[in-house]
Amino acid sequence: MGRRQRPQGQQQGQPPSVILPLPKEVRQVADNGNRCDNIGLWLDRFLTVNPQSWELTQDAKHRQYLMRLTKQKAWQSKVGEQLNALQERYEAMLKWHEQRGFVVKRIQAQPVWRFVVGLGAAHVLETGITLHRLFGLPIVPGSALKGAARAYAKLVEGKPDDDADLIAVFGTTEQAGSVIFFDAIPLEVPKFQLDIMNPHYPNYYRTQGQNPPADWESPNPVFFLTVSETPYLFAIAARSEQGNRLLGFAENWLKGALKELGIGAKTSADYGFWNVP
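Residues numbered from 1 in each chain as written. Predicted model: local features only at pLDDT ≥ 70, side-chain atom pairs only at ≥ 80, totals over all residues. Heavy atoms only, no water.

**Student:** An account of the side chain of His97 is requested, with residue identities and associated values reported.
**Tutor:** Mapping His97 onto the fold places it in helix H5 (residues 73-99). Reaching out from His97, the side chain makes a polar contact with the backbone oxygen of Met93 at a distance of 2.9 Å. What His97 contacts, discounting residues up to four positions off in sequence, is Phe102, Val104, Ile180 and Phe182. (Helix = DSSP H or I, 4+ residues; strand = E, 2+ residues; numbered from the N terminus. Polar contact = N/O pair within 3.5 Å; in protein donor to acceptor, adjacent residues only side chain to side chain. Contact = heavy atoms within 4.5 Å.)

Put into structure tokens, the structure is as follows:
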């Protein structure tokens, strides 16, 4: 990957003011992170620390370096290459299913505002985001889409648990469903937005209500990443003789979930809703 400029004020051979929490040899190979363009590594492994105290820097906690990185044209060019590779693999996977008799339906959609999936995942920075394990790009897991589509069928259309079509599409604990929900992937280099949650009564929440909320408590801002203005490709496939009919149900339920229920975290605050053709 391409080498980026060193932090301002740092000269060749000069010890960095912050380092990565990695063995010295690994830091040297990675040039203290200057050779890395993978968002997943920066979020999970390359959080900068103070070389004296080994505490996380404010820059790492607030994702400021990450936001600066994603705005660089060199990074966008490199990630564009990775995105093309991911899209080629994804399309090859869908064609593999089509060649074996599966009926595949592709759906394109774009978030109305912002979305984040995996916000509550365990992470050293308290908040996370679901990224592709290899390419580090934000994805929407197929399991989340399947759950949202099933929720729409039950909550909005009123399908009971023993409905034949519901069981045929989603399956049960004893049998697999006839429709596959694939992960959704970005169609363009993703645009990240930094957002914040700001609990005003941290002691009240930390003690689970044992201490009453009080105005003298200091707010405790929590930063998290979201994705906006990025079109995504969704795909579903049916694997039975009545595939076309079941695929129609699954498509309508998935589109309804994207438009009306939302996907991911903070849907009550208007995150996770999509414009679907």
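**Student:** So what about the sheet that holds strand E2 (residues 114-115)? Which residues, and what values?
**Tutor:** Consider a sheet: its strands pair through backbone hydrogen bonds, and that pairing is either parallel or antiparallel. Here 3 strands make up an open sheet; going across it, the order is E2-E6-E5 and the pairing antiparallel. In this open sheet, the two edge strands, each paired with only one partner strand, are E2 and strand E5 (191-197). As judged from the 7 bridges shared by E5 and strand E6 (residues 222-228), these two strands associate in the antiparallel manner. By the bridge assignment for E6, Ile196 is matched with Phe223. (Pairing = 2+ DSSP bridges.)

**Student:** Now, about the packing of aromatic side chains: what can you tell me, with residues and values included?
**Tutor:** Counting across every chain of the model gives 11 aromatic pairs. With a centroid separation of 5.8 Å and an interplanar angle of 20°, the aromatic rings of Phe170 and Trp253 are classed as stacked. A residue pair is termed long-range when its members are at least 10 positions apart, and Phe170 in helix H7 (residues 164-170) and Trp253 in helix H9 (residues 243-261) qualify at 83 residues. Across the pair, Trp253 and Phe170 agree in class, each one buried. Within the aromatic cluster, the residues linked to one another by ring pairs are Phe115, Tyr232, Phe234 and Trp274. (Phe/Tyr/Trp six-rings, centres within 6.5 Å; stacked < 30°, edge-to-face > 60°. Buried < 20%, exposed > 50% of the residue type's maximum accessible area, 1.4 Å probe, protein only.)

**Student:** Outline the nonpolar core, listing residues and values.
**Tutor:** If you look at the biggest cluster of nonpolar residues, it comprises 67 residues, and the most contacted ones within it are Val140, Leu145, Phe234 and Trp274. Apart from the residues lying within four places of it in its own chain, the contact partners of Val140 are Phe115, Val117, Leu145, Asp183, Ala184, Tyr232, Ile263 and Trp274. (Core = buried A, V, L, I, M, F, W, Y, C linked by side-chain atoms within 4.5 Å.)

**Student:** So what about the pattern of salt bridges? Which residues, and what values?
**Tutor:** Under the definition given, this model contains 10 salt bridges. Residues Arg114 and Asp195 are paired through a salt bridge, measuring 2.8 Å at the closest nitrogen-oxygen approach. Of this pair, Arg114 sits in strand E2 while Asp195 sits in strand E5, and the two are 81 residues apart along the sequence. Just as Arg114 is buried, Asp195 falls in that class too. When the shortest N-O distance is used, the salt bridge between Glu251 and Lys255 registers 2.9 Å. In this pair, Glu251 and Lys255 both sit in helix H9, 4 residues apart, roughly one turn of the helix. One exposure class covers both Glu251 and Lys255, and it is buried. Here the residues in one salt-bridge network are Glu91, Glu98 and Arg106, joined through shared partners. (Salt bridge = Lys/Arg side-chain N within 4 Å of Asp/Glu carboxyl O.)

**Student:** Which residues make up empty space enclosed by the protein, and what values go with them?
**Tutor:** Enumeration according to the criterion identifies 1 cavity of 30 Å³ or more in this entry. Of the volumes computed, that of the largest cavity is approximately 100 Å³. Residue lining of the largest cavity: Trp42, Leu43, Phe46, Leu47, Thr48, Asp59, Ala60, Arg63, Gln64, Tyr65, Leu66 and Leu125, and that is the complete set. Looking at the lining of the largest cavity, the elements that each hand over two or more residues are helix H2 (39-44), helix H3 (58-61) and helix H4 (64-70). The biggest single contributor to the lining of the largest cavity is H4, with 3 residues. Of the residues in the lining of the largest cavity, the class split is 8 nonpolar, 2 polar and 2 charged. (1 Å grid on protein atoms, 1.4 Å probe; cavity = no way out; pocket = protein on both sides within 12 Å on 5 of 7 lines; lining within 4 Å. Points joined across faces, edges and corners; volume = space filled by probe spheres on them. Nonpolar A, V, L, I, M, F, W, Y, C, P; charged D, E, K, R; others polar.)

**Student:** Could you give me a rundown of helix H6 (residues 142-155), with the residues and numbers involved?
**Tutor:** Along its 14 residues, H6 runs 20 Å from first to last C-alpha, staying within 8% of the 20 Å computed at 1.5 Å per residue. The complete set of buried residues in H6 reads Gly142, Leu145, Ala148, Ala149, Tyr152 and Ala153. The buried side chains of H6 occupy one side of the element, clustering within an arc of 140° when seen end-on. Exposed and facing more than 90 degrees away from the buried side of H6 are Ser143 and Leu155. (Expected span 1.5 Å × (residues − 1). Arc of directions from axis to C-beta.)

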